[in-house]
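Descriptive analysis of the structure
Letter by letter, the chains look like this.
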Amino acid sequence: MGITSRRKSVCNHLKGPVVSSQNAKWRLEVQNYTEYCGILWVSNFSTPANYISCVTCRPYKLQVIMFSKVDATKRNEFLDKQKEARNERANLKHRDDASIKIQAAARGFLARKRVRHLLTNQLDAIIEPGIINKDASGGVKPKFSPAFDLYIAVKRFLFVFNEKKDKERFEKLCRYIVACMDAQGEPKVWYVSLALSKDYVLQWIQQLKFILWQCCRYMKTLKPESPNDGKVLTLYLHMLFTFTDTATWKILKVKGGENLASGMSQLCANVMGHLNSKGIYLVLKTLLLQGLARSKPAFKHATLAAIINIALRPLVAGRFTDNLLTVFLVHILSVPAIVLHLFTLAPECLTVLKTHEIFKRSLHMLSSEQNTKIVFNSLEGNYALCLLANLVQLGNIDSEALTTNVAAFTRVVGLLLSKCQSYVALKKSNNTHWHPVLGWFSQLTDHGLHEAMPFVVRQLQLLWNPCTVKLLFNGILSRPLQTPDGSPEKMVSPPPPSATSPKNVILRKLQRSGSKSGGSNSKGRSITSPEVKTICSVCELYQTALVTLTQLRMDILTGLSYQDVLLSNLWRFIGELGPHGPLKLYTENLQTMADQPIFSALTLFCDCAGHLITVLDDLELYEQQKPFRVADLVAMSKILNTFVFRMIWDHGIFDSKSKYSNLFNSCHNLLMLLYDRDCRRSFTPENHWLMKDLKASVFVSELEKAKRRAQIVLQKIPHVIPHRDRVILFRKYVSNEKAALSITESVSASPASTLITVHRPRLIEDGYRQLAALPAQSLKGVIRVRFVNEQGLDEAGIDQDGVFKEFLEETIKTVFDPSLNLFKMTSGEQRLYPSPTSYIQENHLQLFEFVGRMLGKAVYEGIVVEVPFASFFLSQVLGHQHSSLYSPIDELPSLDPGLYKSLTFIKHYDNDIADLDLTFSYDEDVMGKVITHELMPGGRAIPVTNENKISYIHLMAHFKMNVQIREQTQAFIYGFKSIVNLEWLSWFSTPELQRLISGDTADIDLQDLRKHTQYYGGFHNQHRVVTWLWDILQNDFTKDEKALFLKFVTSCSKPPLLGFANLEPPFSIRCVEVSEDQDTGDTLGSVLRGFFTIRKKDPVGRLPTSSTCFNLLKLPNYQKKSTLREKLRYSITSNTGFELS
């Protein structure tokens, strides 16, 4: 039975008899109602009740309908209707509840709006008259209300304050407060006057704190580059500036106000403490980064000065406690280039910083390990670098504090550099990012920091500027420069390039000077003295900077190297270390494997000296002798040579993982640089570079056993081994390789033997066609040559490799002829180098590769060929141009002395170089056409100035010696190294490589030649003609004529490097009786006649001849010594061989 109340309220209280019955069911329906509150089933009524009462509802009239069975469909419809009815009633209830809540919210909103409107109007009524624009109001004076009224209005306003909606009103409030504080003669309107009220002072202080912190919150959202935001920022800073110090408070200037100063100062301290606890320094840092971390500062003078003064006030009030100073360093001095911008925009702030000794206090605070950890943990690598840069500039400004705190400065700067270094990566990876100062960096650098990095770099450059360097190295720069024996410095004339004899007087002086610098020094500096420790710590600081500031390394080296007196005095300082000289001191400290700071002085010196000597020309190094005297260079090379050798041989220091790897690399680089300069123009005595303690037999034995130290010596400092021993080792390595490849010459039928047929008129074409395609291994083997003459007939003479030697000599002679335009002659010494215009030859690069292979074959077989190469080209063959210390300007004289002289003139030109109207381009006349080459992109439009002339000089030299002939050189080297292992060639210097190719430059040893001469045709060592021959060569021929004789019989005017015992084939002298075309070889009769000197008549009509392919001299059996002298001199000066008879 469903019952619905007319009140439309749910009735759940129906009661009545409910009895189950299976015979009959009654359904009660409510008449005239459409809503039901429930269903009541009744049964077993004799007479259904007409009414059923509810305890809480009035009786309803019911109609009883009796039915026996309900259709299932109707029942489901009935249940669905009931469910819909219930849902509708629930929704109705929710709507009723919602309407009540909406009404409450609306009434609350309207009430709050009325209250807010009322309170803001009250505040506006007070502040509006006080912020009248005087210009627009026609001179109307601002009207200020009593401070108490303002306090009450603000208190009420803050009750309804909304940060977004009230931004403009809060700005007006601040303007009013600032204006009322400046009101003249109206104490009651001063906002700070509430501080004198005992009843309201505490609440007023809380109100002031809220307002000032709200100013900070708004400042964080401002953009300093916006003019409108800039004005608002100035206002908020004015608020903070006014209420964090009592200097501008007029209330203290009235009668009796001085008694309030102490209390008011405490009040300001209270306010600053609150702001500090809330994070004002973080706000100021955010603001500074927004204004300064950009390419152009967005702050003006007043704004930046106010920020710095506000930041300093908590420090001053707190008496510079470590905690406050730490916060100041982390949030203020870590802002990129803030000190530089203060120097530019607000220099008076730097005076304030200097007055408060911020630099000195910062150094002392950071000297504590605990404080340093706190600062480092709070800073990322980028901001540690910015803090370092700011401290460096502060030290440069406060030079007095820096002078008295050098030790603390070096420690702190070193720690900051190490902090940055911990984030520096060696190479690019997915976790690294490029940093303009530190290289690959493991932290992400935002755009603002990248834009500010040029300013940071300018600050960092102060670390190695002359002023800072002199302050830090004051201990050695303050003493006058003297020679090692204590006498005043004197200029020592440089030895001539040819001075190699130890008997030379100048060289003996240099040797004595070198021994003084590296030997005993009874008055040496103790490494435990404070001065030495300070200097070493400064050197360690700069060494750390070189390793950390990877992108500024060249800048650092340049700044330190070009100091007038630093390097020379630093070398003197090193020379004075220890009682027995620096060499023994450093060697002894290596033995202890102690991490001594004295190594940093040597490492820094080597890095800087290497950088400087690289760019010094011969005039500066040998004539002007600045910054080093020649005696210094000799002593320096001697000490470094011995020290580097000891590091390798005695201590095994050559691994990059060793803690002394930087020391080794620095010393080795300078050593090799000095060695290369000495190779180009000698300044050291004979055998200066040899290590006398190293026995050749011991070294070779260890090398055969593959001992690591012997291999490193041969790889790093081969010059300590005598040249002859290295040549022997080279020949031994070649022989071992031949044996390993089964290409020994004794096996003529070896599979590695190759036979080629060459027509004499087509020597180059046939040789190139048959040999260019051969693999390198085949070319290393035995090459047999069959010559075909002009008549097309084979020539005899396939034996003893003589024919191949002739083919190789003729090929090399032809391809290196400048008329072929593959190679050109230098303008000075007439030496060969690849022609820049060789491209006019077809397949010129393939020809260069073939030439390289042929020359490599000559070197590989020990065949001496007289081909004089330019030294710069041989340096490129040895790969010297890939060294970081390689300087193209040093090699330029070997190519073009005239151009070198012109570039040197430009380098030393004192006036404005722009007057010469030069650009970064080079005009070249190529076959009548002028071609302009740009030395850099857009070079023809870039003028040469005094600032960039050094770059112009090096780019010009690099272009002439590298860029113009790069492809030709690469092709030549590719062919050359396919035959000869370049690692073996690295044992030799540039002049030594030339000797390896063209023979020894020493005088011809006739005794050695005679000792290794073979005789045929009846000649013997004591034969009359043979005796005349050696006597003529020894006593009658000049040095040049002896060279011509050697060239006449061997095709080369220079003796073999290892002596004539290694001449292949051996030198031979044969007695001949007939002309060249009738000569069929030795017969029994000819031998007997030659042996017993039997001749029918004197062969005065015949000339001596030679077969250079066999190193054979064919000598007629002359009857007179004068005839032999005359004929032999004529033959050697005629520059002919086979055809002369």
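Predicted model, so just to flag it, every value in this text is computed and none were measured. (Residues numbered from 1 in each chain as written. Predicted model: local features only at pLDDT ≥ 70, side-chain atom pairs only at ≥ 80, totals over all residues. Heavy atoms only, no water.)

**With respect to the overall build of the protein chain**
- Tallying secondary structure elements over the protein chain gives 47 helices and 16 strands in all.
- Buried residues in the protein chain amount to 49% of all 1141 residues.
- In the protein chain, 74% of the contacts between residues at least 6 apart in sequence involve partners at least 24 apart.
- Total accessible area on the protein chain stands at roughly 55,200 Å², and carbon and sulfur atoms take up 52% of it. (Helix = DSSP H or I, 4+ residues; strand = E, 2+ residues; numbered from the N terminus. Buried < 20%, exposed > 50% of the residue type's maximum accessible area, 1.4 Å probe, protein only. Contact = heavy atoms within 4.5 Å. Areas by Shrake-Rupley, 256 points an atom, 1.4 Å probe, with all protein chains shown as cover.)

**Topic: a nonpolar patch on the surface**
- A cluster of nonpolar side chains, Tyr839, Ile840 and Met927, forms an exposed patch at the surface whose accessible area comes to about 360 Å².
- Within the secondary structure layout, Ile840 lies in the loop between strand 10 (832–834) and helix 35 (844–861).
- Judged by its relative accessible area of 48%, Ile840 is partly exposed. (Patch = residues over 30% accessible without salt bridge, like charges linked within 9 Å, V, L, I, M, F, W, Y side chains within 5 Å. Salt bridge = Lys/Arg side-chain N within 4 Å of Asp/Glu carboxyl O.)

**Some details on unusual backbone geometry**
- The step from Lys626 to Pro627 runs through a cis peptide bond, and the omega angle for that step is 0°.
- Along the chain, Pro627 falls in the loop between helix 26 (618–624) and helix 27 (630–649).
- For Ala337, which is not a glycine, the phi torsion comes out positive at approximately 60°.
- Structurally, Ala337 can be placed in the loop between helix 9 (322–331) and helix 10 (338–345).
- On the basis of relative accessible area, Ala337 is assigned to the buried category, the value being 0%.

**Topic: the pairing of strand 12 (residues 929–934)**
- Here strand 11 (residues 921–926) runs beside strand 12; their pairing, made up of six bridges, is antiparallel. Looking across to strand 12, one finds that Asp925 is bridged to Val930.
- The loop that links strand 11 with its antiparallel partner strand 12 comprises two residues; one of these, Met927, has a positive phi angle of about 50°. (Pairing = 2+ DSSP bridges.)

**Structural notes on the packing of helix 4 (residues 201–220) against helix 7 (residues 280–292)**
- Interhelical geometry of helix 4 versus helix 7 gives an angle of 30° and a closest axis separation of 9 Å. In terms of their interaxial angle, helix 4 and helix 7 are classed as roughly parallel. Along this stretch, helix 4 crosses helix 7, giving a crossing that reads as left-handed. Residue-level inspection shows Trp213, Cys216, Met219 and Lys220 of helix 4 in contact with helix 7, the latter providing Ile280, Val283, Leu287 and Gln290. (Axes fitted to C-alpha atoms, helices over the stretch in contact; angles between N-to-C directions. Parallel < 35°, antiparallel > 145°, perpendicular 65-115°, else oblique. Left-handed = near helix turned anticlockwise from the far one by under 90°.)

**Details of the sheet that holds strand 16 (residues 1112–1116)**
- Taking strand neighbours across the sheet as the criterion, the four strands line up as 13-14-16-15 in an open arrangement whose pairing is mixed. Looking at the sheet topology across the chains shown, the edges are occupied by strand 13 (1014–1016) and strand 15 (1105–1107). Shown here is a sheet whose adjacent strand axes are inclined to one another by a mean of 25°, direction ignored.

**Some thoughts on the pattern of salt bridges**
- Under the defined criterion, the tally for this structure stands at 38 salt bridges.
- Its salt-bridge partner being Glu829, residue Arg831 comes within 3.3 Å of it at the nearest N-O pair.
- Here Glu829 falls in the exposed class, since its relative accessible area comes to 56%.
- Between Lys1039 and Asp1003 there is a salt bridge; the shortest N-O distance is 3.1 Å. Taken together, the residues Lys1039 in helix 45 (residues 1039–1050) and Asp1003 in the loop between helix 42 (990–998) and helix 43 (1006–1011) connect sequence positions 36 residues apart. Here the two residues Lys1039 and Asp1003 agree in accessibility, since each one is exposed.
- Three or more residues joined by partner-sharing salt bridges are found here, namely Asp618, Arg677, Arg680, Asp890 and Glu891.

**Here we look at the nonpolar core**
- In terms of nonpolar packing, the biggest core is built from 296 residues, with Phe473, Leu549, Phe605, Phe869 and Phe972 touching the most fellow members.
- By residue number, the principal contributor to this core is helix 27, which donates 13 residues.
- Setting aside residues up to four positions removed in sequence, Leu549 forms contacts with Leu385, Leu417, Val437, Leu438, Leu460, Trp464 and Ile556.
- Trp1028, Phe1045, Phe1067 and Leu1128 belong to the second-largest nonpolar core, a separate cluster that totals 28 residues. (Core = buried A, V, L, I, M, F, W, Y, C linked by side-chain atoms within 4.5 Å.)

**Brief notes about the side chain of Lys857**
- You can see Lys857 is positioned in helix 35.
- Using a relative accessible area of 2% as the deciding quantity, one classes Lys857 as buried.
- Reaching out from Lys857, the side chain makes a polar contact with the backbone oxygen of Leu779 at a distance of 2.9 Å.
- Leaving out residues up to four positions away in the same chain, Lys857 has contacts with Leu779, Lys780, Gly781, Ile783, Phe804, Leu808 and Ile979. (Polar contact = N/O pair within 3.5 Å; in protein donor to acceptor, adjacent residues only side chain to side chain.)

**Remarks on the packing of helix 10 against helix 14 (residues 381–397)**
- Helix 14 packs onto helix 10 with a crossing angle of 45° between their chain directions and a minimal axis gap of 8 Å. Considered as vectors, helix 10 and helix 14 are oriented oblique to each other. Across the interface between the two elements, Ile338, Val339, Leu340 and Phe343 of helix 10 pack against Asn390, Gln393, Leu394 and Ile397 of helix 14.
- Taken together, the residues of the contact of helix 10 with helix 14 sort by class into six nonpolar, two polar and no charged. (Nonpolar A, V, L, I, M, F, W, Y, C, P; charged D, E, K, R; others polar.)

**Structural notes on the state of the cysteines**
- Scanning the model with the defined rule gives zero disulfides in all.
- Take Cys386: it sits in no disulfide, and the sulfur closest to it among the cysteines is that of Cys420, at 8.6 Å. (Disulfide = S-S within 2.5 Å.)

**Focus: the pairing of strand 14 (residues 1068–1072)**
- Across the five residues that make up strand 14, a large majority, five, are buried.
- Both faces of strand 14 are covered, namely the face carrying Ser1068, Arg1070 and Val1072 and the face carrying Ile1069 and Cys1071.
- Pairing analysis gives three bridges linking strand 13 to strand 14, with the strands arranged parallel. Residue Tyr1016 lies in a different strand from strand 14, and its bridge partner there is Arg1070.
- By the bridge criterion, five bridges tie strand 14 to strand 16 in an arrangement that is parallel. In the sheet register, Cys1071 faces strand 16, and the bridge partner there is Leu1115.

**Regarding the confidence of the model for the protein chain**
- Mean pLDDT over the protein chain stands at 82; residues scoring 70 or higher make up 84%.
- Contacts for the low-pLDDT stretch residues 1–68, under 50 throughout, to residues beyond four places or in other chains number 103 contacts.
- Segment residues 1074–1080 is flagged for pLDDT under 50; beyond a separation of four residues in sequence, or across chains, it makes 11 contacts in the model. (pLDDT = per-residue confidence, 0-100.)

**A word on a negative patch on the surface**
- A surface patch of negative charge is lined by Glu77, Asp80, Glu84 and Glu88.
- A relative accessible area of 46% means that Asp80 is categorised as partly exposed. (Lys, Arg positive; Asp, Glu negative; His and termini not counted. Charge placed at Lys NZ, Arg CZ, Asp CG, Glu CD.)

**Quick look at the environment of Lys949**
- Its location among the elements puts Lys949 in helix 39 (residues 949–963).
- The buried category is assigned to Lys949, whose relative accessible area is 10%.
- Taking the C-alpha atoms as reference, Lys949 lies 9.9 Å from Thr919; in sequence the two are 30 residues apart.
- Once you skip the residues sitting within four places of it in the chain, Lys949 turns out to touch Ile906, Lys907, Tyr909 and Val944.

**What about the side chain of Thr548?**
- Mapping Thr548 onto the fold places it in helix 21 (residues 530–548).
- By relative accessible area, Thr548 is classed as buried at 0%.
- Among the polar contacts listed, one links the side chain of Thr548 to the side chain of Gln421, at a separation of 3.4 Å.
- Excluding its chain neighbours within four sequence positions, the residues that come into contact with Thr548 are Leu417, Cys420, Gln421, Val424 and Leu438.

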